[in-house]
Amino acid sequence: MTIDKSWTQIRKRSNSVVFWQGLQSFLQMAKPHVNDRGFIRCPCNRCINNAQHQLEVLETHIHRFGFMSDYTEWIYHGENVNAASSSNVPQPNSGVHDRDEMFEVLEDIISNDAEVDQLGSQSSNVQYDDLFTALNSELYPGVSSFSSLNFLVKLMHLKVMNKWTNKSFDELLKLLKLAFPKIDLVESHYEAKRLMTKMGLGYQSIHVCKNDCALFWNENSMSETCPVCSKSRWKMQEGRRTGKNVPHKVLRYFPLAPRLKRLFATSKTAKLMRWHQAGKSTDDNVMRHPVDGRAWKDFDRKHPEFADDVRNVRLGLAADGFNPFNNMSISYSMWPVVLTTYNLPPWLCMKPEYLMLSLLIPGPQSPGKDMDVFLRPLIEELKELWENGIDTRDAGNDRKVFKMRAALLWTVNDFPARSSLSGWSGQGYKACPTCNEDTPSMRVIGKTAYFGHRRFLPSTHRWRSNLDFDGRTERKRPPRRFSSVDIMDQLRRVKTSIPGKHPNYGGVKRKRGDDELNWRKKSIFYELPYWAEIELKHNLDVMHIEKNICDSLLGTLMGDPHKSKDTDNARRDLQHLGIRSELHLYEDGNKLMKPAAEYTFSEANRRKFCRFVRSVKFPDGFAGNLSKNVAHNDSRIVGLKSHDCHVIMQRLLPVGCRSLVNKTISSTIIELCTFFNQLCARTVNVTDMVKAQDQLVIILCKLERIFPPAFFDIMIHLVLHLPEEAILGGPVYMRWMYPFERYLKRLKDYVRNAAKPEGSISEGYVVDEALTFCSRYFDDIETRFNRPDRNDDGIHRTSRLFVFESQCKPMGKQSQVYVEKNVRDRAEFYILNNSPEIETYLKVHAPEVTHELLSLASKSNIFVSSYPACIVNGVRFVTHARDVRLKTQNSGVSVPGTENEIFYGQLQQILEFSYLNDFSVVLFKCKWFRCDSRRMVTENNITSINITSESYKDDQFILASQAQQVFYVEDPSRGPNWRVVQHVNHRSIWDITEDGMSDIDLLQDNSSSNFTLFVDLGNLPQINLQRNDGDVIPIVQPFTTVSQHVNETASFLNDDDEDEDDVSEEDDETVEESADEETDEGNDDVDTEEDDDDRSYHTSDSD
């Protein structure tokens, strides 16, 4: 039967009944020939049988673009044609490589972006025409391995990966044009970027009032003046508008829905969007992902219709300000709003490739209290995604369309930004958002101290009646727990404020009423239907809290004049409260003297601590070189970044302070540091956090007994609420600012035009977003998704014998060494003894003889390959002889014993024993330290070992694959022959199966249960806080007698300061101490994926 194909030549297709009937007949004929996913080649004039689509997409494409004229025999769609007569059928991908990845890229982009309701009603795809033209063009006549588009995308990808400048890229294009005159390539980076943008998702430019009063958006989109302050939308010169309409400010909004849809557009990420369901912990007491937290479970219980579809998206939001310029003398604060997707597994959701820029709030001033004005577009879209959802094709489920919905779980911000987003002021007597109006606080000279944590103790606790804390007994009850109903009742009493900074409107300072407490506003997030019921709305940022506490502790211990909390006014506070008389200021002639406190280092101890920090060497990629932060005269430690403080708090301060201050003081500091070790673990145990909640109260009370009230800023108090937030939200490494602060460094790198930083970032982000999506499909070049880790061994050898899997990636010069017979015999015995597969031979004398078994039975080569360094299972090891010459330490090893004991040693040699048939085994020859009770002591989670005593001299070998890395730091409290063992858990190594389907609940090596937080609950020790070395510090200032000063300040300290909470809203926009150094100082040392070779700021126990 002859098939009527005349309809394919009709040009006016829109109103042609003949065309419509012919197209339906064609589709019916093609229907039985779709593949198992429902796809078939598309014969439209654009796809020309190169791309595959579902039948409904074919219908739309053929109707829109027409049927390809030279496809006359429909062999791909059901027509039975003899092979001899089908020679004129155009073959797919004719003229281009048979496997051009860009076909699949564009297919996924277009099929997911297209909105098809009925025949012909498709959103315009004109933007893709240039892409298909480049895709169907040969890069060079006769070269079929690359299409023009494929080559350009990969070239742009190399530019981004290697940070080429735009000028260097232009010069490269010119060189290619000169070398290959017939090459089909763009002329400049500008043209290349314009083409890449068509694969991106774009952004919207929304004009903003110059005073941040309102957006010229939606109902105000056509307004010429601000609806609040009536100021002109446009910049004016001498009272007149410039020739071209130039807005005062432009907000860049990157729509969320298409970016979420693109996560489902490719099977490479669509499956990962279900990980949270398959990978959640099977033990209710173990948390390794937010899905294991109580807040997630409570949200699912309250919204079961949302939880039923695992593809519905859970989001987290972060906002922070940064200076986009390298010149820090320029005051400029730009605020990106970034979203992360918690559906993804824990090793991906905080990676920069999966973070989504949502808003770019322009500078130069921070939005402050007007943050809600800028968040309006995002909130409206979140409401739409919650209430109605959006049709999305799921590439992980045969491209079936489902209704995707999304919900915002919480925000992650530093404390000042938290105030701007939540509406609760972080200043004044009621600064704590959890304690609310019951925040424990008191007024001291010049500041508010958050002192008085005895109220959290049981009512019968003996410390409540102890007068050594603040001279009074404590009778207050613990703060109440405020429910969602209580919070909404408080917000109903908050007066509506006018947005903006115009001095006659939103910029007018107003005082809050007593019934408003610390609320400045009702946050725009409460417009989300589910927000009021969320248990954990705004996370306390552990990164900044830990940094501020470290600065306070270290500054006070070291007596740093800029960061010490032991100031002159702090001593006057003690004098007024009538406590700790040994620390009071006193007069010596015409001088005012300050006794040295026990909680500060003496001059000699300060130098000891500095030398201790200078001596520390970390494993490769663990932390920065802290010796650079020690002053040349060993008197100060300066320039610490957030991750430096993270390492000092959890690794060095507990070890270094033990012998330098009173034991009661050092044990209290160690207890606080141990809590941060527990909190920052990858796997958090709920029981540990419940215990820590009670123990932290004791720790803070002990700190109050040691340090003056001025020491207790809001950061110290907020520690008390971190365990509860961990129970609600899960591990903190997915709820802190480290990944977002580093992401700001990536945004800063986009700035190429200093006059237009926001525009540069927006354009650069859209191009990078498109290239990141394309790079998921590339296998033949290095991308962000397939590039090896810094310490990737690149060896994935599988063997039937376990010992032959002990391989490594050698580093350094190989040398052939002769091993004495007795040593080689011991090594070979160890290899045989660690081969469980040969047990069959020991039991049954006729095992299956394989090449591997034959090789193992033969003797190894008498010459052994030796290496100075190697990489095993993603970990770098270096022999001790070479290690002593390096700035890093990679020679420490440990192995578990058969009875749960752990052996510690140093790597002496890396030896590769060669067998027949090219088999080999890599062994580590180690010096093992004696680990008996006299030479290894564990106290307060600190294990010290004597390195002078060697053990197991006749049993020095282990398989390379059995080694676990540790590093050693000096133990100042025990002497030069003792070292403290520090275990390493590498950030790139996870003990979770990628599909999360394992029946066994695999835990991380770094678990909160690895650290025992033991707090002495006995009698409060009586401490003489004056140092017994007789040191006194003269105060250099105009002389005032102690009695005069006490009289002057008594009235101030007795003042209840009832008006302090009534500060203006603008006054709440101050920046927390030292919290934003990394961004405000240019992010010079912020870790990114690209600069791992220079300095890694993330330990394994972090992210």
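Residues numbered from 1 in each chain as written. Predicted model: local features only at pLDDT ≥ 70, side-chain atom pairs only at ≥ 80, totals over all residues. Heavy atoms only, no water.

Colleague: With reference to specific residues and values, describe the overall build of the protein chain.
Modeller: What the protein chain contains, in helices and strands, is 31 helices and 37 strands. Going through the 1103 residues of the protein chain one by one, you find that 58% of them count as buried. For the protein chain, the exposed surface amounts to about 46,800 Å²; the carbon and sulfur share of it is 48%. (Helix = DSSP H or I, 4+ residues; strand = E, 2+ residues; numbered from the N terminus. Buried < 20%, exposed > 50% of the residue type's maximum accessible area, 1.4 Å probe, protein only. Areas by Shrake-Rupley, 256 points an atom, 1.4 Å probe, with all protein chains shown as cover.)

Colleague: How would you explain the side chain of Q982 if you had to name every residue and give the values?
Modeller: Along the polypeptide, Q982 turns up in strand β36 (residues 978–983). Classification of Q982 as buried rests on a relative accessible area of 9%. Looking at Q982, its side chain comes within polar contact range of the main-chain oxygen of R651, at 3.0 Å. The contact partners of Q982, leaving out residues within four places of it in the chain, are R651, V655, V966, F967 and V969. (Polar contact = N/O pair within 3.5 Å; in protein donor to acceptor, adjacent residues only side chain to side chain. Contact = heavy atoms within 4.5 Å.)

Colleague: Please give an account of the pairing of strand β9 (residues 249–253) that cites residues and values.
Modeller: Within β9, 5 of the 5 residues are buried, which leaves the element mostly enclosed by the surrounding structure. Along β9, one buried face is formed by K249, L251 and Y253 and the opposite face, lined by V250 and R252, is buried too. As judged from the 5 bridges shared by strand β5 (residues 204–208) and β9, these two strands associate in the antiparallel manner. Considered in β9, the bridge of H207 is made with V250. In this structure, β9 lies alongside strand β13 (residues 356–361), joined through 2 bridges in antiparallel fashion. Bridging from a neighbouring strand, R252 pairs with L360 of β13. (Pairing = 2+ DSSP bridges.)

Colleague: Describe the pairing of strand β12 (residues 335–341), listing the residues and the values that go with them.
Modeller: Burial of β12 is extensive: 7 of the 7 residues sit out of reach of the surface. Burial of the side chains of β12 extends over both faces: W335, V337, L339 and T341 are buried on one face and P336, V338 and T340 on the other. The sheet contact formed by strand β11 (residues 313–319) and β12 spans 5 bridges and is antiparallel. Each bridged residue has a counterpart across the sheet, and for A318 the counterpart in β12 is V338. Note: β12 against β13, 5 bridges, orientation antiparallel. Along β13, the bridge assignment pairs V338 with L357.

Colleague: Give a detailed account of the packing of aromatic side chains, specifying residues and quantitative values.
Modeller: One pass over the full model with this rule turns up 42 aromatic pairs. An angle of 70° between the planes, with centres 5.2 Å apart, marks the rings of F264 and F402 as edge-to-face. Within this pair, whereas F264 is found in helix α8 (residues 257–265), its partner F402 is found in strand β15 (residues 400–404), the two being separated by 138 residues in sequence. With a relative accessible area of 0%, F264 lands in the buried category. Classification of F402 as buried rests on a relative accessible area of 6%. Just above the ring of Y76 sits the side chain of R41; from NZ or CZ to the centre is 5.2 Å. The positively charged end of R974 is found above the aromatic ring belonging to W978, 5.7 Å away from the centroid. (Phe/Tyr/Trp six-rings, centres within 6.5 Å; stacked < 30°, edge-to-face > 60°. Lys NZ or Arg CZ within 6 Å of the ring centre and 35° of its normal.)

Colleague: Now, about helix α1 (residues 17–30): what can you tell me, with residues and values included?
Modeller: With 14 residues, α1 should cover 20 Å at 1.5 Å per step; its first-to-last C-alpha distance of 20 Å lies within 8% of that length. Within α1 the residues assigned to the buried category are F19, G22, L23, F26, L27 and A30. Buried residues of α1, viewed axially, fall in a sector of 140°; they line one side. More than 90 degrees from the buried face of α1, the exposed residues found are V17 and Q28. Buried residues belonging to α1 abut β1 (40–41) and α2 (55–65). (Expected span 1.5 Å × (residues − 1). Arc of directions from axis to C-beta.)

Colleague: Before we move on, could you go through the nonpolar core and cite the residues and values that matter?
Modeller: In terms of nonpolar packing, the biggest core is built from 190 residues, with L260, L408, F609, L653 and F676 touching the most fellow members. Broken down by element, the residue count for this core peaks at 11 residues, all from helix α21 (residues 686–706). Excluding residues within four positions of it along the chain, L408 makes contact with L315, G316, L317, L339, L382, F525, L528, Y530, W531 and I534. Counting 36 residues, the second largest nonpolar core, distinct from the first, contains F132, L139, L173 and Y777. (Core = buried A, V, L, I, M, F, W, Y, C linked by side-chain atoms within 4.5 Å.)

Colleague: Let's hear about the sheet that holds strand β23 (residues 809–811): which residues, and what values?
Modeller: Strand pairing within a sheet occurs via backbone hydrogen bonds; the two strands may be parallel or antiparallel. If you walk across this open sheet you meet the 3 strands as β23-β26-β27, and the pairing is antiparallel. Edge positions in the sheet fall to β23 and β27 (875–878), since each has one partner strand and no second. Averaged over all adjacent pairs, the angle separating strand axes in this sheet is 25°, with direction ignored. Alignment of strand β26 (residues 869–872) against β27, held across 4 bridges, turns out to be antiparallel. Bridge pairing links A869 to V878 in β27. (Axes fitted to C-alpha atoms, helices over the stretch in contact; angles between N-to-C directions.)

Colleague: Give me the side chain of D298: which residues, what numbers.
Modeller: If you trace the backbone, D298 turns up in helix α11 (residues 294–302). Among the residues examined, D298 registers a relative accessible area of 10% and is labelled buried. Excluding its chain neighbours within four sequence positions, the residues that come into contact with D298 are E533 and E535.

Colleague: If you had to explain the packing of helix α20 (residues 663–679) against α21 to someone new, which residues and values would you point to?
Modeller: Relative orientation of the contacting elements α20 and α21 amounts to 150°, with a least axis distance of 10 Å. When the axes of α20 and α21 are compared, the pair comes out roughly antiparallel. The two elements α20 and α21 cross, and the hand of that crossing is left-handed. Of the residues in α21, those touching α20 at T664, I665, T668, E671, L672, F675, Q678 and L679 are D688, M689, A692, L696, I699, K702, L703 and I706. Residues that form the contact of α20 with α21 fall into these classes: 10 nonpolar, 3 polar and 3 charged. (Parallel < 35°, antiparallel > 145°, perpendicular 65-115°, else oblique. Left-handed = near helix turned anticlockwise from the far one by under 90°. Nonpolar A, V, L, I, M, F, W, Y, C, P; charged D, E, K, R; others polar.)

Colleague: Any chance you could break down the sheet that holds β5 for me, citing the residues and the numbers?
Modeller: Taken together, the 8 strands give an open sheet; going across it, the order is β6-β5-β9-β13-β12-β11-β16-β19, and neighbouring strands pair in mixed fashion. Sheet topology places β6 (215–216) and β19 (538–540) at the edges, where each strand pairs with a single neighbour. The strands touched by helix α14 (residues 415–422) within the sheet are β11, β12, β16 (406–413) and β19, with β19 carrying the most contacts at an inclination of about 165°.

Colleague: Describe the environment of A192, with residues and values.
Modeller: With respect to the element layout, A192 can be found in helix α7 (residues 189–197). Through-space distance from the C-alpha of A192 to that of D170 is 9.9 Å; in sequence the pair is 22 residues apart. Dropping the residues within four chain positions of it, A192 is found in contact with L152, M156, F169 and V186.

Colleague: Got a sec to walk through the pattern of salt bridges? Specific residues and values, please.
Modeller: For the structure on display, the rule yields 56 salt bridges. Between K249 and D212 there is a salt bridge, and its shortest N-O distance comes to 2.8 Å. Of the two residues, K249 is situated in strand β9 and D212 in the loop between β5 and β6; the sequence distance between them amounts to 37 residues. The exposure class of D212 is buried, given its relative accessible area of 1%. (Salt bridge = Lys/Arg side-chain N within 4 Å of Asp/Glu carboxyl O.)

Colleague: Residues and numbers for α14, please.
Modeller: By the criterion of burial, α14 is predominantly enclosed, with 8 of the 8 residues buried. Those residues of α14 that sit buried are F415, P416, A417, R418, S419, S420, L421 and S422. On its buried side, α14 packs onto β11, β12, α13 (371–387), β16, β19 and α22 (714–718). The N-cap residue of α14 is D414: its side-chain oxygen and the backbone nitrogen of A417 are 3.0 Å apart.

Colleague: I'd like a description of a nonpolar patch on the surface, backed by residues and values.
Modeller: On the surface, a nonpolar cluster with roughly 320 Å² of combined accessible area is contributed by Y818, I862 and F863. The class of I862 is partly exposed, set by a relative accessible area of 39%. (Patch = residues over 30% accessible without salt bridge, like charges linked within 9 Å, V, L, I, M, F, W, Y side chains within 5 Å.)

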